[in-house]
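# Descriptive structure summary
These are the residues of each chain, in order.
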Amino acid sequence: MESKKQQKREAFQDAWRTKRSVTLVYILLRASVILVMLAQIFNRNFENVFLCVLTLFLFMVPSMLERKLDIALPNTLEIIILLFIYAAEIMGEIGAYYVTFPYWDTVLHTLNGFLCAAIGFSLLDILNRHNSTRFHLSPLYLASMTVGVIWEFFECTMDQLFFLDMQKDTVVQSIGSIMLDPTGGNHPVVLHNITDVIVVQADGTQTALGLGGYLDIGLLDTMKDLFVNFIGALTFSIIGYFYVRSRGKGKFAKRFIPMAKNSAMPDVSEMAETKIPAKKEDTTE
């Protein structure tokens, strides 16, 4: 037990020496989340308590990945990841910033695409540590939207199971649907200038939504999130392209690209091409 405490103390001291800015941000954000969690416990809002616990766990993920994958996260990238988690879970969900500031969700999803592209870019160096799995691919192919898609799956699951409305609804005044076709065919019926919708429940209760239109259930929000994820990923792909062209001299890109600790700086001039071993000529007569 004493040795574990000593190891944790030494790990904290090492982090304070090498990553003081990251450690300071981590401590401040963690303390803030704990205070919010205590307030939510006092108010018996256990759904938000779960979000606080989830946030505290997510805060530990970057350092866990550094140890497990033997990589070094740039300070700028790690701080942005911590702030991103806090902005999404504490400020966005518990603080209702998603409702108070309409573009809060859009900004976070754009940033998410940017960060995922940066991490994808770094996979070249991480995979190249092993000669048996060497890759020489253009960073443009690594601008994946996979994380953004998985997050949308998560939001949809939470909405279906717990009705959290993470996929925020949109009020629209025009819709087109084949469900309204009186013949039961495949012809969409279009309704314009919708001003209200009346919901009839099984017990006969009728409720006018009073939203000034039809309530779209999360679809437009999902498509917008995926689009801005694409914009963020494309932005870093362009930055990564010029980073490769300049043979890794770009200081801005380096602030967002994790590197393998036990490997030399990759030759970025080779990233944009596929290496094919030269075929030896047969010199036998």
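Everything discussed here concerns the structure shown above.
Notes on the structure follow. Predicted model, so just to flag it, every value in this text is computed and none were measured.

Reading the values: the criteria
- Residues numbered from 1 in each chain as written.
- Predicted model: local features only at pLDDT ≥ 70, side-chain atom pairs only at ≥ 80, totals over all residues.
- Heavy atoms only, no water.
- Salt bridge = Lys/Arg side-chain N within 4 Å of Asp/Glu carboxyl O.
- Helix = DSSP H or I, 4+ residues; strand = E, 2+ residues; numbered from the N terminus.
- Buried < 20%, exposed > 50% of the residue type's maximum accessible area, 1.4 Å probe, protein only.
- Expected span 1.5 Å × (residues − 1).
- Bend = angle between axes of the 7 residues up to and from the residue.
- Contact = heavy atoms within 4.5 Å.

## So, the pattern of salt bridges
In total, this model carries three salt bridges according to the counting rule given. When the shortest N-O distance is used, the salt bridge between K19 and E66 registers 2.8 Å. Taken together, the residues span a long stretch of sequence, with K19 in the loop between α1 (2–18) and α2 (20–42) and E66 in helix α3 (residues 46–69) at a distance of 47 residues. The exposure class of K19 is buried, given its relative accessible area of 16%. The class for E66 is buried, based on a relative accessible area of 10%. A salt bridge links E78 to K19, with the nearest nitrogen and oxygen atoms 2.8 Å apart. Residue E78 is located in helix α4 (residues 75–94), and its partner K19 is located in the loop between α1 and α2; the two are separated by 59 residues in the primary sequence. When its relative accessible area of 7% is taken as the criterion, E78 is described as buried. When salt bridges with common partners are traced through the structure, they connect K19, E66 and E78 into a single cluster.

## Details of α4
Compared with an ideal rise of 1.5 Å per residue, which puts 20 residues at 28 Å, α4 spans 27 Å between its outermost C-alpha atoms and is within 8% of the ideal. A maximum bend of about 30 degrees is found in α4 at A87. Of all 20 residues that make up α4, 14 are buried, and the element is covered over most of its length. One or two steps after α4, the chain reaches A96, where phi turns positive at roughly 60 degrees.

## Some thoughts on α3
Between its first and last C-alpha atoms α3 spans 34 Å; for 24 residues at 1.5 Å apiece the expected length is 34 Å, and the two agree. When the local axis directions of α3 are compared, the greatest deviation, roughly 35 degrees, occurs at P62. Looking only at α3, the buried set comprises N48, V49, L51, C52, T55, L56, F59, P62 and E66. In this structure, the buried side of α3 is in contact with α2, β1 (71–72) and α4. Positive phi appears at D70, one or two residues downstream of α3, with a value of about 55 degrees.

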